[in-house]
Amino acid sequence: MKNKGIAILLFAILLQMCSSGMELLTLAVGAVGLLVAIIDDKKD
């Protein structure tokens, strides 16, 4: 369940980076975070 916290943290970083104009890199980080959350959720 601790991975959910990591995913939320990654999402916060994603939002922060979006406002500084690094959309493409941010999207990649966000997608990885989301995948980790979904995969971890299916395992439990």
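Predicted model only: the values in this text are computed from it and were never measured.

Caption draft 1: Quick look at helix α2 (residues 23-43). For α2, which comprises 21 residues, the first-to-last C-alpha distance of 30 Å matches the rise-based estimate of 30 Å (1.5 Å per residue) to within 8%. Turning to α2, its buried residues number three or more, namely Thr26, Gly30, Gly33, Ala37 and Asp40. In a view along the axis of α2, the buried residues occupy a sector of 100°, so they form one face of it. Structural note: α2 exposes Leu24, Leu27, Leu35, Lys42 and Lys43 on the side pointing more than 90 degrees away from its buried face.

Caption draft 2: How the structure looks around the environment of Ile13. Mapped onto the elements, Ile13 comes out in helix α1 (residues 2-19). Overall, Ile13 belongs to the partly exposed group, its relative accessible area being 39%. Linking Ile13 and Thr26, residues 13 residues apart in sequence, is a C-alpha distance of 8.1 Å.

Caption draft 3: The environment of Asp41, seen in detail. Considering the arrangement of structural elements, one finds Asp41 in helix α2. Separated by 37 residues in sequence, Asp41 and Lys4 have C-alpha atoms that sit 8.3 Å apart.

Definitions and limits used
Residues numbered from 1 in each chain as written. Predicted model: local features only at pLDDT ≥ 70, side-chain atom pairs only at ≥ 80, totals over all residues. Heavy atoms only, no water. Helix = DSSP H or I, 4+ residues; strand = E, 2+ residues; numbered from the N terminus. Expected span 1.5 Å × (residues − 1). Buried < 20%, exposed > 50% of the residue type's maximum accessible area, 1.4 Å probe, protein only. Arc of directions from axis to C-beta.

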